[in-house]
Amino acid sequence: MEIEPSLYAADFAYLGEQLDVLLRTGARVFHFDVGDGHFVEPVTIGPIVLQAVAPIVHGFGGAIDCHLMVDNPVKHFPQIAAAGGDSVTFHFEAVDNVPGTIAAAREHGLQVGVAFNPESDPEEVARVAGDADLVLCMSIHPGYSGQEFMPEAVERIKRLRAALPETIHVQVDGGIDNDNVRTVYDAGATLIVAGNAIFAREDLPRSYRRLVQALA
């Protein structure tokens, strides 16, 4: 079980400091969103930023989980691996061959996940994601930080968990806060991404710990 701070919501003027604070608080997996301006409208952070933050995270024994909101994820795998990414998650809707894309990520030594948008069918995704390490159920429409959690996502998380082998993690991303984190966990999620619930607060350690404590 991990609460993953989403760096998309961080203050980039103080990114290194914020990472250090959260690592010392106990965070060990960080979510790194990459948007290409095509699959999602915003162009977000990429390999140059990843290369800068990876040594900080790895120095504490942590990992960086890269969520590729892009049209052609395979093209980005070599750069992500070279910059220090530990895992890549690509979108079910962005590729024609999910098992082949998973295999391509493994060729670069990366762990791999398959994400799907709210409109996609959890069981359909589960049928082709059997070789992945995780499947990411989006609880918002991807692309923009700060959106509200979609309540209907809870049922999709339950359906996804029931359709996957127990060895594959269920990850949830979008609108997570202290009020819904326990519900998401109880529905079957073991990797929970949180952005504004951590970074929009002045006291980062307290915000992170509150999410963790909500699961205790």
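See the structure shown above.
Computed from a predicted structure; not experimentally measured. (Residues numbered from 1 in each chain as written. Predicted model: local features only at pLDDT ≥ 70, side-chain atom pairs only at ≥ 80, totals over all residues. Heavy atoms only, no water.)

Caption draft 1: Geometry of the sheet that holds strand 7 (residues 169-173). What the eight strands build is an open sheet, ordered 1-8-7-6-5-4-3-2; its pairing is parallel. Looking at which strands have only one partner, the edges of the open sheet turn out to be strand 1 (2-5) and strand 2 (29-35). Averaged over neighbouring strand pairs, the angle between their axes works out to 25° when direction is ignored. The sheet contact formed by strand 3 (residues 63-69) and strand 4 (residues 87-91) spans four bridges and is parallel. Considered in strand 4, the bridge of Cys66 is made with Val88. (Pairing = 2+ DSSP bridges. Helix = DSSP H or I, 4+ residues; strand = E, 2+ residues; numbered from the N terminus. Axes fitted to C-alpha atoms, helices over the stretch in contact; angles between N-to-C directions.)

Caption draft 2: Inspection of the layout of surface pockets at higher detail. By volume, the largest pocket is sized at about 340 Å³. Residue lining of the largest pocket: 25 residues in total, with Ser145, Gly146, Gln147, Gly174 and Gly175 positioned closest to the centre. Breaking the lining of the largest pocket down by element, the ones donating at least two residues are strand 8 (191-194) and helix 8 (196-199). Split by residue class, the lining of the largest pocket holds 11 nonpolar, nine polar and five charged. Approximately 180 Å³ is the volume attributed to the second largest pocket. Lining the second largest pocket we find 13 residues, and of these Val29, Ser87, Gln111, Leu134 and Leu191 sit closest to its centre. Mapped by element, the contributors of at least two residues to the lining of the second largest pocket are strand 1 and strand 3. Ranked by residues supplied to the lining of the second largest pocket, first place goes to strand 3 with three residues. Here the residues of the lining of the second largest pocket are counted per class, giving five nonpolar, three polar and five charged. (1 Å grid on protein atoms, 1.4 Å probe; cavity = no way out; pocket = protein on both sides within 12 Å on 5 of 7 lines; lining within 4 Å. Points joined across faces, edges and corners; volume = space filled by probe spheres on them. Nonpolar A, V, L, I, M, F, W, Y, C, P; charged D, E, K, R; others polar.)

Caption draft 3: Summary view of the pairing of strand 5 (residues 111-116). Counted residue by residue, strand 5 has five buried out of six residues, so it is predominantly covered. Handedness of the crossover joining strand 4 and strand 5 through helix 4 (residues 98-106): right-handed. Two strands pair when backbone bridges link them, and strand 5 and strand 6 (residues 134-138) are joined in this way by four bridges, in the parallel orientation. When the sheet's bridge partners are listed, Ala115 is paired in strand 6 with Leu136. Viewed along the sheet, the connection from strand 5 through helix 5 (residues 122-128) into strand 6 turns out right-handed. (Buried < 20%, exposed > 50% of the residue type's maximum accessible area, 1.4 Å probe, protein only. Right-handed = clockwise from strand over helix to strand, strands pointing away.)

Caption draft 4: How the structure looks around the nonpolar core. Counting residues in each nonpolar core, the largest one holds 65 residues, and the members touching the most others are Ile3, Phe32, Val88, Val114 and Ile198. Not counting residues within four places of it along the chain, the set of residues in contact with Ile198 comprises Ile3, Pro5, Leu22, Leu204, Ser207, Tyr208 and Leu211. With six residues, the next largest nonpolar core counts Leu134, Leu136, Ile140 and Leu191 among its residues. (Core = buried A, V, L, I, M, F, W, Y, C linked by side-chain atoms within 4.5 Å. Contact = heavy atoms within 4.5 Å.)

Caption draft 5: Fine view of the packing of helix 1 (residues 15-25) against helix 2 (residues 47-59). At their nearest, the axes of helix 1 and helix 2 sit 10 Å apart, and the two run at 30° to each other. The angle between the axes of helix 1 and helix 2 places the two elements in the roughly parallel class. In this structure, helix 1 crosses over helix 2, and the sense of that crossing is right-handed. Residues Leu15, Gly16, Leu19 and Leu23 of helix 1 lie in contact with helix 2, whose contacting residues are Val49, Val53, Ile56 and Val57. Residues of the contact of helix 1 with helix 2, tallied by class, amount to seven nonpolar, one polar and no charged. (Parallel < 35°, antiparallel > 145°, perpendicular 65-115°, else oblique. Left-handed = near helix turned anticlockwise from the far one by under 90°.)

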